Amino acid sequence: MNTEITRIQNAIQSKNFEEAEALAWKLFKTNSKNFIVLKTLGLALLLQGKYAGSIDIYMKCLKMDNNDFDVLCNLAYLYLKIEEFSKSYNFVLKAIEHPKSNYLPYSQMAEILMKKRNFEESLKYCELTLKMLDFNALKQNIGILHVYVDVMIALGKKTDAEKFIRYYQDKSFNDEIFQHHGSISPETISENDITKAKKFIDQEGYQNHILKARHNAPFLFGLAKYYDYKKDKENSEKYFIKGNEEILKIQRYYPLNHQKNIIKIKELFNNGFYNNNVSKNNLGEGLIFIVGMPRSGTTLLESILGTNENVISGGELISMHELSSAYYLENHQKTLGLEEYNNKSIGEIYLDRVKFIRGDKKYFIDKLPGNYHSIGFIKTFLPKAKIIYLQRDPWDIAISIFKQFYVDNIPYAASFFNIAINIANHSELIRFWKQEMHFDFITVSYEELVSNTQQISKEVFDYCNLEGSYDEDLRKRFFSRTASKSQISEGIHTSSVSKKSFEGLKDKFFEALKNQEKYWHKTLN
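Predicted model, so just to flag it, every value in this text is computed and none were measured.

From N to C terminus, the protein chain includes 27 helices and five strands. Relative to the 2.2 N^0.38 estimate, which gives 24 Å for 525 residues, the radius of gyration of the protein chain is 23 Å and therefore close to what a compact globule would have. By the burial criterion, 54% of the 525 residues in the protein chain qualify as buried. Treating the 70 positive side-chain charges of the protein chain as one cloud and the 65 negative ones as another, the clouds have centres 2 Å apart.

The contact between helix H8 (residues 119-132) and helix H10 (residues 142-154) brings their axes to 9 Å, and the two run at 145 degrees. For H8 against H10, the interelement crossing comes out left-handed. The residues of H10 that touch H8, namely those facing Phe119, Ser122, Leu123, Cys126, Glu127, Thr129 and Leu130, are Ile144, Val147, Tyr148, Val151, Met152 and Ala154. A per-class count over the contact of H8 with H10 returns 10 nonpolar, two polar and one charged.

Looking now at the layout of surface pockets. A volume near 340 Å³ is recorded for the second largest pocket. If you trace the second largest pocket, you find 13 residues lining it, with Arg117, Gly306, Asn308, Val311 and Phe478 closest to the centre. When residues of the lining of the second largest pocket are traced back to their parent elements, those giving at least two are strand E2 (311-313) and helix H26 (472-477). Across the lining of the second largest pocket, the residue classes break down as four nonpolar, four polar and five charged.

Moving on: helix H12 (residues 175-184). The buried fraction of H12 amounts to eight of the 10 residues, a majority that puts the element mostly inside the structure. When H12 is considered as a whole, its buried residues turn out to be Asp175, Ile177, Phe178, Gln179, His180, His181, Gly182 and Ile184. Measuring from the backbone nitrogen of Glu176 back to the side-chain oxygen at the start of H12 gives 2.8 Å, which picks out Asn174 as the cap.

Taking 1.5 Å per residue as the helical rise, helix H23 (residues 416-436) with its 21 residues ought to reach 30 Å, and the 29 Å between its terminal C-alpha atoms agrees with that figure. For H23, the tally of buried residues reaches 16 of 21 residues, placing the bulk of the element in the interior. Looking at where H23 begins, the residue whose side-chain oxygen comes 3.2 Å from the main-chain nitrogen of Phe417 is Ser415.

Right, let's get into the environment of Ala154. On the secondary structure map, Ala154 appears in helix H10. Through-space distance from the C-alpha of Ala154 to that of Phe478 is 7.5 Å; in sequence the pair is 324 residues apart. With near-sequence residues (within four places) excluded, Ala154 lies in contact with Phe119 and Phe479.

This part covers the nonpolar core. Core analysis: the largest hydrophobic core is formed by 171 residues, its most contacted members being Phe289, Leu305, Ile388 and Trp433. The greatest single-element share of this core, amounting to 10 residues, is contributed by H10. Discounting chain neighbours no more than four positions away, the residues touching Ile388 are Ile288, Phe289, Ile290, Val291, Leu301, Leu305, Ile442, Val444, Val460, Tyr463 and Cys464.

Bringing the sheet that holds strand E4 (residues 386-391) into the picture now. Read across the open sheet, the five strands follow the order E2-E3-E1-E4-E5; overall the sheet is parallel. Of all the strands in the sheet, just E2 and strand E5 (442-445) have a single pairing partner and so form its edges. Between one strand axis and the next, the sheet turns through 25 degrees on average, direction left out of account. Of the strand pairs in this sheet, E2 and strand E3 (residues 363-366) are connected by three bridges, and their pairing is parallel. Residue pairing across strands places Val311 opposite Tyr363, the latter belonging to E3.

Here we come to the confidence of the model for the protein chain. Here the protein chain averages 92 in pLDDT, while 95% of its residues score no lower than 70. Note on residues 334-338: pLDDT is under 50 here. Beyond four places in sequence and across chains, it has 18 contacts.

Before going further, it helps to examine the packing of aromatic side chains. The relative placement of two aromatic rings is captured by the distance of their centres and the angle of their planes. In total, this model carries 46 aromatic pairs according to the counting rule given. Ring centres of Phe164 and Tyr167 lie 5.9 Å apart, and the angle between their planes is 40 degrees; this geometry places the pair in the tilted category. Of this pair, Phe164 and Tyr167 both sit in helix H11 (residues 158-171), three residues apart, which is roughly one turn of that helix. For the ring pair Phe269 and Phe439, a centre distance of 6.3 Å and an interplane angle of 85 degrees mean the geometry is edge-to-face. Here the residue Phe269 occupies a position in helix H16 (residues 255-270), and Phe439 occupies one in the loop between H23 and E5, the gap between them amounting to 170 residues. Phe439 carries the same exposure label as Phe269, and that label is buried. An aromatic cluster is defined as three or more aromatic residues linked by ring pairs; in this entry it consists of Phe269, Phe273, Tyr274, Tyr327, Tyr328, Phe377, Phe381, Phe432, Trp433 and Phe439.

So, about the state of the cysteines. Overall, the coordinates contain zero disulfides when judged by the stated rule. Not part of a disulfide, Cys73 finds its nearest cysteine sulfur in Cys61, a span of 14 Å.

This part covers unusual backbone geometry. Although it is not a glycine, Arg295 adopts a positive phi angle of roughly 70 degrees. Residue classification places Arg295 among the buried positions, given a relative accessible area of 10%.

Time to look at the packing of helix H13 (residues 191-201) against helix H14 (residues 209-229). Close contact between H13 and H14 brings their axes to 9 Å; oriented N to C, the two are set at 145 degrees. The chirality of how H13 crosses H14 is left-handed. Residues Glu191, Ile194, Ala197, Lys198, Phe200 and Ile201 of H13 pack against His215, Asn216, Phe219, Leu220, Leu223, Tyr226 and Tyr227 of H14. Across the contact of H13 with H14, the residue classes break down as nine nonpolar, two polar and two charged.

Conventions used here
- Position labels on residues start from 1 in each chain and follow its written sequence.
- pLDDT decides what is reported in this predicted model: residues at 70 or higher carry local features, side-chain atom pairs at 80 or more are listed and counted, and totals for whole chains, interfaces and linings draw on all residues regardless.
- Each side-chain value is worked out from all heavy atoms of the structure, with water and hydrogens disregarded.
- Under the scheme used here, helices are H or I runs from DSSP no shorter than 4 residues and strands are E runs no shorter than 2 residues, and both carry numbers assigned from the N terminus.
- Radius of gyration: C-alpha atoms only; globule rule: 2.2 Å multiplied by the number of residues to the exponent 0.38.
- Burial status follows relative accessibility: with a 1.4 Å probe on protein chains alone, a residue under 20% of its type maximum counts as buried, one over 50% as exposed, and anything between as partly exposed.
- Think of it this way: Lys and Arg go in the positive column, Asp and Glu in the negative one, and His and the chain ends go nowhere.
- By convention, the charge on Lys lies at NZ, on Arg at CZ, on Asp at CG and on Glu at CD.
- Comment: axis = line fitted to C-alpha atoms, over the contacting stretch for helices; angle = value between 0 and 180 degrees taken between N-to-C directions.
- Helix crossings are classified by the rotation of the near helix relative to the far one: an anticlockwise turn of less than a right angle makes the crossing left-handed, while a clockwise turn makes it right-handed.
- Note on contacts: a residue pair is in contact if any heavy atoms of the two residues lie within 4.5 Å.
- Ten residue types, Ala, Val, Leu, Ile, Met, Phe, Trp, Tyr, Cys and Pro, are classed as nonpolar, four, Asp, Glu, Lys and Arg, as charged, and the remainder, Gly among them, as polar.
- Think of a 1 Å grid over the protein atoms and nothing else: a 1.4 Å probe that fits but is trapped marks a cavity, an open set flanked by protein within 12 Å on at least five of seven lines marks a pocket, and residues with an atom within 4 Å of a point count as lining.
- Grid points are joined across faces, edges and corners, and a volume is the space filled by probe spheres set on the points.
- We call two N or O atoms a polar contact when they sit within 3.5 Å, provided that within protein one can donate a hydrogen and the other can accept it, with sequence-adjacent residues counted only if both atoms are side-chain atoms.
- Expected helix span is taken as 1.5 Å per residue step, with the number of steps being one fewer than the number of residues.
- To form a nonpolar core, buried Ala, Val, Leu, Ile, Met, Phe, Trp, Tyr and Cys residues must be joined to one another through side-chain atoms within 4.5 Å.
- Strands were regarded as paired on the criterion that DSSP finds at least two bridges between them.
- Each residue carries a pLDDT value, the predictor's own confidence for that position, ranging from 0 to 100.
- Aromatic rings from Phe, Tyr and Trp, with only the six-membered ring used for Trp, were paired whenever their centres fell within 6.5 Å, and each pair was classed as stacked if the ring planes differed by under 30 degrees, edge-to-face if by over 60, and tilted otherwise.
- Any two cysteine sulfur atoms within 2.5 Å of one another count as a disulfide.

Structural data, given as structure tokens:
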């Protein structure tokens, strides 16, 4: 058996995770009660993002040994990924108290406290983590650096964040950090940094084109952000296009699948899903969902609402989308659905999950833009919730998406064609929720929001039953861990309206957009 375990470990080290899983399942069939075999299988599943299966295996491990450090840390990680924050927090506490404890649970605690918007405590755990890591170990754990930089920005310590980035980059120039640097403070990027980044792009020696693309793309985006700041339109656009070309080698977006999913959602609700499942308990009081296309102004609105003392934001949570998609996605990980929650409704599960962040706040914001897919499910399971839909000019949205470093979280962002298809699909679903299902939600125009902020904000406050009005100084100090985090501290302005970029790609974008709109129009006739 030791030989088989070694083969699995070698496959994991080579990032051949599918092979590792196949070998682990084969070993599991004849050694299903072996603790080491179970841990190895759990890890192989975890590394592929198969969180439900991994949790199931690690819970079996926990029954065999409820104090194994690896099991505690990995369960903490897994529950954080599916936004079971309380469970993750409890496992982290146990791991911190473990005799073999190291930096890992401290870094996990920093992440959890960041989610809870307890930035001061998160900073303490970041600093404790960094004290436990020498520089070589830090290079292997870049994630904690991102948390550390973000929490310092959240606390208004942007200069300290920039100093730490400079310290790191001077010791070991890194692709991810360079991209992060370009996003938060391109003005502090030096000419030496630019020279290094361009040199690193040409490096060879990667195992495959995907690894090379993952290395090149952040450097290219960092350069694009730098030239964007310098108002060098030609170089900026050149590097954004090159960066997205690299990302296209990684991303796998299938427009037809997205189209099919929207058809399934519409069929589901046309066949009585809402009437058959609507919550009789009128759940959702105080919940505010901000939805729309990415880069449509959701973070700006979040920062406006977040100035109210009775409001806390959970940021971009995946829970509603993940739970509701169990009803229409094929191959959905069912254990992330209802059966492991004693058949609670997804509304009840959602409320349980956000309780950790919400605390005693009357109002709670979920600003995942993609929850426009879930408007019908929100209305079904959380009928008291308020939904605010952000509408923005499609070309401005497309440009803004294309200029952000989205690799894994937005799989269509690297192509204007894919963005156009997605915008058309999203518009059809919004039309369906409004015109056919007659669901009540407010629509806010981004253009009106930035040009008439006081009036539109008052309308949104009234819709959400919030007292008072927003405070611009407080809004500038609001922190949102999204692509817009560096823009929040700026004043509200109209410079992002009617953008003049990528003009040579504009006609093809609108051609794709109109063709997809024609498709949806035909389905209605």
